[in-house]
Amino acid sequence: MRKIILTLIILFVGALVVIQFFQPEKNSGEIGSNHLLKSEQLPEEISSLLTNACFDCHSNQTNYLWYHRVAPVSWLINGHITEGKSELNFSDWGTWDPIDKITALDDMATEVKNGKMPLPSYVFMHSKAKLSEEQKARLIAWTESFSEKILTGE
Ligand code: HEC
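### A few points about the site of the ligand
Item 1. In the vicinity of the ligand lie 16 residues, with Ala-53, Cys-54, Cys-57, His-58 and Met-117 positioned nearest.
Item 2. Mapped onto the shell around the ligand, the elements with two or more residues apiece are helix H4 (55-58), helix H5 (73-87) and helix H6 (98-113).

Following this line, the structure appears as structure tokens:
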């Protein structure tokens, strides 16, 4: 019995070591001039809310913590980033038409209102991403006033 358990432990540790060689590419591109924070002047509070709660999965730069580099966690994180960026990538903000920007702002408000974004599993691990009701309200109010601004071309 002891032998079997020992063999299983060795196999498990061996597998953990082997999978470390299969790492996804890191999401760590340059902050280009089309990034939302570069192409717009946002209120300080909003830019830090978005940085803390959204940009890890919705931009070309993820702030990795050490265990994010360990497979299989790295695979899971990479899945969120790839999927998140395909929906909405704030690094490309400056290249969008006004209508795309307004749609994105509207979607952001809906997701935050419904508690779908930031992803609850992410908030569980990132306390800074936890938005209070007040912060949510201010973020939503900002999406509305910013849309208005884009619409009127101010
Ligand atoms: C841990 C990664 C992660 C974080 C952090 C995150 N998102 Fe997402 N987001 C995703 C993924 C994955 C999807 C696509 C799947 C889905 O809709 O659930 C997505 C989808 C979206 C969509 C499109 C939803 C739709 O169906 O139209 C919007 C809008 C969005 N996120 C906004 C935000 C905002 C705003 C924040 C910050 C307050 C945020 N996200 C934080 C991963 C993330």
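Next, the rest of the story.
### Here we look at the coordination of the iron atom of the ligand
Reference values for angles at a metal are 109.5 degrees in the four-donor tetrahedral case and 90 or 180 degrees in the six-donor octahedral case.
Item 1. The protein atoms donating to the iron atom of the ligand are His-58 (NE2) and Met-117 (SD), with metal-donor distances spanning 2.0 to 2.2 Å.
Item 2. A residue is classified by how much of its surface remains accessible, and Met-117, at 28% relative accessible area, is partly exposed.

### Things to note about H6
Item 1. In a regular helix each residue adds 1.5 Å, so 16 residues correspond to 22 Å; H6 covers 23 Å between its end C-alpha atoms and thus fits that length.
Item 2. Taken together, the buried positions of H6 are occupied by Lys-101, Ile-102, Ala-104, Leu-105, Met-108, Ala-109 and Val-112. The buried residues of H6 all sit within an arc of 160 degrees when viewed along its axis, so they share a single face.
Item 3. Contact partners of the buried residues in H6: helix H3 (44-53) and helix H8 (133-152).
Item 4. Where H6 terminates, the next one or two residues include Gly-115, which has phi positive at roughly 70 degrees.

### Topic: the packing of H3 against H8
Item 1. Packing of H3 against H8 brings their axes to within 11 Å, and their N-to-C directions diverge by 110 degrees. Comparing their axes, H8 and H3 come out roughly perpendicular. Judged by residue contacts, Glu-45, Ile-46, Leu-49 and Leu-50 of H3 engage Gln-135, Arg-138, Leu-139 and Trp-142 from H8.
Item 2. Class assignment of the residues belonging to the contact of H3 with H8 gives a composition of five nonpolar, one polar and two charged.

### A closer look at the pattern of salt bridges
Item 1. Enumeration according to the criterion identifies four salt bridges in this entry.
Item 2. Across the salt bridge formed by Lys-101 and Glu-40, the nearest N and O atoms sit 4.0 Å from each other. Of this pair, Lys-101 sits in helix H6 while Glu-40 is found in the loop between helix H2 (36-39) and H3, placing the two residues 61 residues apart along the sequence.
Item 3. With its nearest N and O atoms 3.5 Å apart, the salt bridge here joins Glu-133 to Lys-136. Separated by three residues within a single helix, Glu-133 and Lys-136 lie in helix H8, roughly one turn from each other.
Item 4. Taking relative accessible area as the criterion, Glu-133 reaches 60% and is therefore assigned exposed.
Item 5. Given the relative accessible area of 21%, Lys-136 is considered partly exposed.
Item 6. Linked by salt bridges that have partners in common, Glu-45, Glu-134 and Arg-138 make up one network.

About the thresholds
- Residues numbered from 1 in each chain as written.
- Predicted model: local features only at pLDDT ≥ 70, side-chain atom pairs only at ≥ 80, totals over all residues.
- Heavy atoms only, no water.
- Near = heavy atom within 4 Å.
- Helix = DSSP H or I, 4+ residues; strand = E, 2+ residues; numbered from the N terminus.
- Donors = N, O, S within 2.8 Å, 3.2 Å for Na, K, Ca; no water.
- Buried < 20%, exposed > 50% of the residue type's maximum accessible area, 1.4 Å probe, protein only.
- Expected span 1.5 Å × (residues − 1).
- Arc of directions from axis to C-beta.
- Contact = heavy atoms within 4.5 Å.
- Axes fitted to C-alpha atoms, helices over the stretch in contact; angles between N-to-C directions.
- Parallel < 35°, antiparallel > 145°, perpendicular 65-115°, else oblique.
- Nonpolar A, V, L, I, M, F, W, Y, C, P; charged D, E, K, R; others polar.
- Salt bridge = Lys/Arg side-chain N within 4 Å of Asp/Glu carboxyl O.

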